[in-house]
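Coordinate inspection notes
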Amino acid sequence: MLNYWMIPRPKRKLVAVVDVLAAFSFVTLAQQWQGQPETQLSFEEELERLQLKAPGPRRDQGGSGARTYESWLHSLGLIFKDSSHVQRLTLAGEALLAGEAPVPIITNQLLRFQYPSSYSVRAGVNVNSRFRVHPFRFILELLRHPDIGTLSKAEMARFVITLGETDASVPEVVREILRFRAYGDSVLPPDFPDRYPARTGIQTLEETL
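What counts and how
Residues numbered from 1 in each chain as written. Predicted model: local features only at pLDDT ≥ 70, side-chain atom pairs only at ≥ 80, totals over all residues. Heavy atoms only, no water. Helix = DSSP H or I, 4+ residues; strand = E, 2+ residues; numbered from the N terminus. Rg over C-alpha atoms; globule rule 2.2 N^0.38 Å. Buried < 20%, exposed > 50% of the residue type's maximum accessible area, 1.4 Å probe, protein only. Contact = heavy atoms within 4.5 Å. Areas by Shrake-Rupley, 256 points an atom, 1.4 Å probe, with all protein chains shown as cover. Lys, Arg positive; Asp, Glu negative; His and termini not counted. Charge placed at Lys NZ, Arg CZ, Asp CG, Glu CD. Core = buried A, V, L, I, M, F, W, Y, C linked by side-chain atoms within 4.5 Å. Phe/Tyr/Trp six-rings, centres within 6.5 Å; stacked < 30°, edge-to-face > 60°. Expected span 1.5 Å × (residues − 1). Salt bridge = Lys/Arg side-chain N within 4 Å of Asp/Glu carboxyl O.

Description of the overall build of the protein chain
In terms of helices and strands, the protein chain carries ten helices and two strands. Scaling as 2.2 N^0.38, a compact globule of 209 residues should have a C-alpha radius of gyration of about 17 Å, and the protein chain matches this with 19 Å. When the 209 residues of the protein chain are sorted by exposure, 42% land in the buried category. Restricting the contact set of the protein chain to residue pairs at least 6 apart, pairs at least 24 apart contribute 58%. As displayed, the protein chain has an accessible area near 11600 Å², and 53% of this comes from carbon and sulfur atoms. On the protein chain, the mean spot of the 24 positive side-chain charges and the mean spot of the 23 negative ones are 1 Å from each other.

Description of the nonpolar core
Nonpolar side chains in soluble globular proteins tend to end up buried together. Grouped together as the largest cluster of nonpolar side chains are 26 residues, with contacts concentrated most on Trp 5, Tyr 115, Phe 138, Leu 142, Phe 159, Val 160 and Val 173. Mapped onto this core, the elements with two or more residues apiece are helix 6 (135-144), helix 7 (153-163) and helix 8 (170-183). Ignoring sequence-local partners within four residues, the contact set of Trp 5 consists of Tyr 115, Phe 131, Val 133, Pro 135, Phe 138, Ile 139, Val 160, Ile 161 and Gly 164. In this structure, Ala 23, Leu 78, Ala 92 and Leu 96 belong to the second largest nonpolar core, which totals 25 residues.

A closer look at the packing of aromatic side chains
One pass over the structure, following the stated rule, counts eleven aromatic pairs. Ring plane angle 80 degrees and centroid distance 5.2 Å describe the contact between Phe 24 and Phe 43, whose orientation is recorded as edge-to-face. Placement of Phe 24 in helix 1 (residues 17-28) and of Phe 43 in helix 2 (residues 37-49) is noted, with a sequence separation of 19 residues between them. Like Phe 43, Phe 24 is buried. An angle of 85 degrees between the planes, with centres 6.4 Å apart, marks the rings of Tyr 69 and Trp 72 as edge-to-face.

Concerning unusual backbone geometry
The peptide bond linking Tyr 115 to Pro 116 adopts the cis configuration, its omega dihedral lying at 0 degrees. For Pro 116, the location among the structural elements is in the loop between helix 5 (102-112) and helix 6. Unlike most non-glycine residues, Gln 51 shows phi in positive territory, near 60 degrees. As for its placement among the helices and strands, Gln 51 is situated in the loop between helix 2 and helix 3 (64-75).

Structural notes on helix 2
Its 13 residues place the ends of helix 2 18 Å apart at the C-alpha level, agreeing with the 18 Å of an ideal helix rising 1.5 Å per residue. Taken together, the buried positions of helix 2 are Thr 39, Gln 40, Leu 41, Phe 43, Glu 44, Glu 46, Leu 47 and Glu 48. Where helix 2 is buried, its residues touch helix 1 and helix 3. Immediately downstream of helix 2, the backbone of Gln 51 shows phi near 60 degrees, a positive value.

Describing the environment of Ser 129
Residue placement: Ser 129 occurs in the loop between helix 5 and helix 6. Here Ser 129 falls in the exposed class, since its relative accessible area comes to 55%. Measuring from C-alpha to C-alpha, the distance between Ser 129 and Leu 110 comes to 20 Å, with 19 residues separating the pair along the chain.

Thoughts on the pattern of salt bridges
In total, this model carries twelve salt bridges according to the counting rule given. The residue Glu 70 makes a salt bridge to Arg 122 at a minimum N-O spacing of 2.6 Å. Here the residue Glu 70 occupies a position in helix 3, and Arg 122 occupies one in the loop between helix 5 and helix 6, the gap between them amounting to 52 residues. On the accessibility criterion, Arg 122 (24% relative accessible area) is partly exposed. We note a salt bridge from Arg 88 to Asp 82, for which the minimum N-O separation is 3.0 Å. Residues participating in the shared-partner salt-bridge network are Glu 44, Glu 48 and Lys 53.

Next up, the structure:
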């Protein structure tokens, strides 16, 4: 179980969402996805053909790259798995493929993104149930806070994704970020790596950070 936020990020920018969704729909829609490496590899090949994913040697032949993109679409609420384990488009996904303006649709999906969700409770994700929060709204609230203004990767990793339990946790996270800006890593609890271990297990503080 992950004791911090986890969001799939095969692309750093969201401009490719519609094209990736179209490729996914073309290859896999109305088919079973789980446990179907041939379908997953076909999706990966289609992404490469459309230059949405860099071609080249794959880490494995089990479709792990394709599953990362599928997780991305699922986390954004654009696809879902029905009771027969068949992949379907959500209403938002249908609207994107119908040619509706993508910015308001994707903005809405980001603002509605939450833990827990069908994505966060997946076996391969399994974000801790203590998080009952809208992550992107939470980040926006921090950026709007008069004492914060900007967020560094260090601040996100140390405090936002670990302490942002609910939408009401903003003041606590603000307080810890301000302490960090004043005193650095000395403000971290000594058992930080134990509280927030990597998937591979507990690491040193330096490796965790």
